[in-house]
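If you want the building blocks of each chain, they are given just below.
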Amino acid sequence: MPGHEEHHHHLSIEFILEATGERHQKQTVLGIRDGNSGGALVFLAPGVRANFYDRFSVFVSAGIPVIQDLNGTQHETRGLFILGIGAGL
């Protein structure tokens, strides 16, 4: 229609699923390697993201450990909470 402005969505919600991980080398202190350090973790993290005005987003997800390959005696991770804010130019 003439004179009719295009309707822009100001908010959209998306469900997300991420796989995140981290790997740490064994620590060396005074030339001695610590056998109770280092290892690998992999998380599966379902979450939700809200997008505002095609420029801003906020997201939150909760990571569940699916792989924990830690060296020696270390505390295991029960979960991971991720919160983020993004802005585009």
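Preceding this paragraph is the structure being described.
All values derive from a computational prediction rather than experimental measurement.

**Describing the sheet that holds strand β4 (residues 39-52)**
A sheet is described by the order of its strands in space; here four strands give the open sequence β1-β4-β5-β6, paired in antiparallel fashion. Looking at which strands have only one partner, the edges of the open sheet turn out to be β1 (11-24) and β6 (80-87). With strand direction ignored, the average angle separating the axes of adjacent strands in the sheet is 20 degrees. Pairing of strand β5 (residues 56-70) with β6, which is carried by eight bridges, proceeds in the antiparallel orientation. Paired with Phe-56 across the strands is Ala-87, a residue of β6.

**Description of unusual backbone geometry**
Residues apart from glycine generally show negative phi values, whereas peptide bonds are mostly found in trans. Positive phi, normally seen in glycine, also occurs at Tyr-53, with a value near 50 degrees. Positionally, Tyr-53 belongs in the loop between β4 and β5. The class for Tyr-53 is exposed, based on a relative accessible area of 51%. Despite not being glycine, Asp-54 has its phi angle at roughly 55 degrees, a positive value.

**Structural notes on the pairing of β4**
Where a strand is regular, its side chains alternate between the two sheet faces. The pairing of β1 with β4 spans 14 bridges and is antiparallel. Residue pairing for β4: Phe-15 is matched across the bridge by Val-48. Judged from the twelve bridges that link them, β4 and β5 form a sheet pairing that is antiparallel. Paired with Phe-43 across the strands is Pro-65, a residue of β5.

**Digging into the pattern of salt bridges**
Counted by the stated rule, this structure contains one salt bridge. When the shortest N-O distance is used, the salt bridge between Glu-14 and Arg-49 registers 2.8 Å. Here Arg-49 lies in strand β4 and Glu-14 lies in strand β1, a separation of 35 residues in the sequence.

Criteria and thresholds
Residues numbered from 1 in each chain as written. Predicted model: local features only at pLDDT ≥ 70, side-chain atom pairs only at ≥ 80, totals over all residues. Heavy atoms only, no water. Pairing = 2+ DSSP bridges. Helix = DSSP H or I, 4+ residues; strand = E, 2+ residues; numbered from the N terminus. Axes fitted to C-alpha atoms, helices over the stretch in contact; angles between N-to-C directions. Buried < 20%, exposed > 50% of the residue type's maximum accessible area, 1.4 Å probe, protein only. Salt bridge = Lys/Arg side-chain N within 4 Å of Asp/Glu carboxyl O.

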